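# Chains, contacts and geometry: an overview
Listed below are the residues making up each chain.
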Amino acid sequence: MTGKLGRTARGGAQTSAGDLLDLVRSGRAVTRGALQQMTGLSRATVGQRLDRLFRAGWLREGAGGPVDSPLGGRPAITLEFDGSHAVVLAADLDTRHARAALLTLTGEILAERSGPLVVEDGPETVLDGLGRWFAELLTETGHPPEAVCGVGLGVPGPVDSETGRVVQPPMMSGWDGYDIRGRLSRAFTEHAGAAPVPVLVDNDANLMAYGEQRTGYQDCRAFVLVKVSTGIGAGVVVDGAVYRGVDGGAGDLGHIRVGTEALCRCGSYGCLAAVASGGAVARRLTEAGVPAASGSDVRDLLAAGHPEAAALAREAGRRVGDVLATVVTLLNPGVLMIAGDLAGTPFLTGVRELLYQRALPRSTAHLDVLTAKLGERAGLIGAGALVVEHLYAPERVEERLSALGV
């Protein structure tokens, strides 16, 4: 056996409680007998390590499963990850709007709220506002602050996952290199009266892709989500993990040059976002006498069936589809999902027109091109999942169990 449990198969004595929890959470082994078989550990050792997880409140016994022995006997008691022992806070920040939610460890949204938060107001103001929202969500649901095990945040810019800081974000003036993790942790502590908790930050398209892939497409080994709102960005999930590049810059489709002289918000000319984003469509509508200040205004016009908005959205889709033909040829994904303000029939039609025209038939033979399923909740669910996967990774489980004294 290879991969992260390779050491488990080759040297069972080294298998930790965190490895056993990972096997249970993934569904690869959900009885004591199956854990013994997969790890090579003795019954007593498996029992000792499971006991630590039970005492922490992270595991529970479920219903009886299949009989472990071919000779028959009583059904084996199954083991389950107990998602009720903690909760996660998540937020998804757009350029002028934000959403926040309280989630279970299994991704169920318990409460959420949304409202205007403008990134150009700066990180101090925006992150303080999110901390206040988090405290209100806890009060609304009756959860104590100490029930929160972590916070996840999606932002509309490239993020260095090692530091949680945005790197030269074209749409987040004043945020470059800012300590988002530290400030949001303090804001949560100040407003909720809680002890500091881990804060994870990632690009919004990455988290949307992660949420969508984990929720509905877990068997898809290469998954791409393209968010078209104020800007254009893509999230890529390969073999169940977000692909970020060397410093978080992967998926920045909006700044691919497409042979136009339009000025982009990044300061360069000819970027895809300058001609095909929700902001670009809004500007063209305004020039045509249809007032639209942002991608969200375009979304409302599309929902109302406005013909000029539909025509421009389809044209934008064609431009994006032209670029995506290269993306599909390079990555060979099984799913290409369109999300954001422009996600809808006109834009999707335009994408398909150019994508299937320009990409090699082999690249699209097994490709599903569709719109987002989770809607505006995708980023929240992805952020919550990111926190859970981080905190319950095998190596981190050992640290946390030791801190709990079990």
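Being a predicted model, the structure only gives us computed values, none of them experimental.

What counts, and where the lines are drawn
Residues numbered from 1 in each chain as written. Predicted model: local features only at pLDDT ≥ 70, side-chain atom pairs only at ≥ 80, totals over all residues. Heavy atoms only, no water. Helix = DSSP H or I, 4+ residues; strand = E, 2+ residues; numbered from the N terminus. Rg over C-alpha atoms; globule rule 2.2 N^0.38 Å. Buried < 20%, exposed > 50% of the residue type's maximum accessible area, 1.4 Å probe, protein only. Contact = heavy atoms within 4.5 Å. Areas by Shrake-Rupley, 256 points an atom, 1.4 Å probe, with all protein chains shown as cover. Pairing = 2+ DSSP bridges. Axes fitted to C-alpha atoms, helices over the stretch in contact; angles between N-to-C directions. Left-handed = near helix turned anticlockwise from the far one by under 90°. Nonpolar A, V, L, I, M, F, W, Y, C, P; charged D, E, K, R; others polar. Parallel < 35°, antiparallel > 145°, perpendicular 65-115°, else oblique. Salt bridge = Lys/Arg side-chain N within 4 Å of Asp/Glu carboxyl O.

## As for the overall build of the chain
Summing up its helical and strand segments, the chain has 15 helices and 14 strands in all. What you see for the chain is a C-alpha radius of gyration of 23 Å, in line with the 22 Å of a compact globule of 406 residues. If you line up the chain on its principal axes, its C-alpha atoms span 75 × 55 × 35 Å. Counting all 406 residues of the chain, 51% fall into the buried class. In the chain, of all internal contacts separated by at least 6 residues, the share reaching a separation of at least 24 is 60%. Summing over all exposed atoms, the chain offers an accessible surface of approximately 17900 Å²; the carbon and sulfur share of this is 50%.

## Regarding the environment of Thr-78
Here Thr-78 shows up in strand β2 (residues 77–81). Since its relative accessible area comes to 15%, Thr-78 is described here as buried. For Thr-78 and Val-24, which are 54 residues apart along the polypeptide, the C-alpha to C-alpha distance reads 9.2 Å.

## Observations regarding the pairing of strand β10 (residues 222–228)
Counting buried positions along β10 gives 7 out of 7 residues, so the element sits mostly inside the fold. Because side chains alternate across β10, one face comprises the buried residues Ala-222, Val-224, Val-226 and Val-228, and the other comprises Phe-223, Leu-225 and Lys-227, equally buried. The loop that links β10 with its antiparallel partner strand β11 (residues 232–238) comprises 3 residues. Judged from the 5 bridges that link them, β10 and strand β13 (residues 335–339) form a sheet pairing that is parallel. Paired with Phe-223 across the two strands is Val-335, which belongs to β13.

## A word on the packing of helix α11 (residues 307–331) against helix α12 (residues 345–358)
Two packed helices can be described by the angle between their axes and the distance between those axes. Where α11 contacts α12, the axes come no closer than 6 Å and their chain directions differ by 35°. As α11 packs across α12, the resulting crossing turns out to be right-handed. On α12, the residues that touch Ala-310, Ala-313, Arg-314, Ala-316, Gly-317, Arg-318, Val-320, Gly-321, Asp-322, Leu-324, Ala-325 and Val-328 of α11 are Pro-346, Phe-347, Thr-349, Gly-350, Val-351, Glu-353, Leu-354, Leu-355 and Arg-358. For the contact of α11 with α12, the per-class residue count stands at 12 nonpolar, 4 polar and 5 charged.

## Considering the packing of helix α2 (residues 17–26) against helix α15 (residues 394–404)
Direction vectors running N to C along α2 and α15 enclose 125°, while the axes themselves pass 7 Å from each other. For the element pair α2 / α15, the angle class is oblique. Crossing handedness for the pair α2 and α15: right-handed. Seen from α2, the contacting residues are Ala-17, Gly-18, Asp-19, Leu-21 and Asp-22; seen from α15, they are Pro-394, Val-397, Glu-398 and Leu-401. Looking at side-chain class alone, the contact of α2 with α15 contains 5 nonpolar, 1 polar and 3 charged residues.

## As for the side chain of Arg-244
Relative to the helices and strands, Arg-244 resides in the loop between β12 (241–243) and α8 (273–276). For Arg-244, a relative accessible area of 19% puts it in the buried group. Residue contacts for Arg-244: discarding those within four places in its chain leaves Ser-161, Asp-202, Asn-206, Gly-249, Ala-250 and Leu-386.

## As for the pattern of salt bridges
Throughout the structure, instances matching the rule amount to 28 salt bridges. The salt bridge involving Lys-227 is made with Asp-94; its shortest N-O contact spans 3.7 Å. Residue Lys-227 is found in strand β10, and its partner Asp-94 is found in the loop between β3 (87–93) and β4 (97–104); the two are separated by 133 residues along the sequence. For the pair Lys-227 and Asp-94, a shared accessibility class is recorded, and that class is buried. Here Glu-353 makes a salt bridge to Arg-318, at a shortest N to O gap of 2.7 Å. Of this pair, Glu-353 sits in helix α12 while Arg-318 sits in helix α11, and the two are 35 residues apart along the sequence. For Arg-318, a relative accessible area of 35% translates into the label partly exposed. Several salt bridges converge on common partners, so that one network encompasses Arg-99, Glu-112, Arg-299, Asp-300, Asp-341, Glu-376 and Arg-377.

## Structural notes on the sheet that holds β3
Here 5 strands make up an open sheet; going across it, the order is β5-β4-β3-β6-β9 and the pairing mixed. Both edges of this open sheet fall to β5 (109–116) and β9 (199–203), since each of them pairs with a single strand only. The sheet shows a mean angle of 15° between the axes of neighbouring strands, taken without regard to direction. Two elements, β4 and β5, share 7 bridges in a ladder whose sense is antiparallel. Looking at the pairing, Arg-99 lines up with Ser-114 of β5. Across the sheet, helix α7 (residues 204–216) is in contact with β3, β6 (148–155) and β9; its angle to β9 comes to roughly 100°. Sitting on the sheet, helix α14 (residues 378–391) is in contact with β3, β4, β5, β6 and β9, with an inclination near 135° to β3.

Nothing here speaks to function; it is all geometry.
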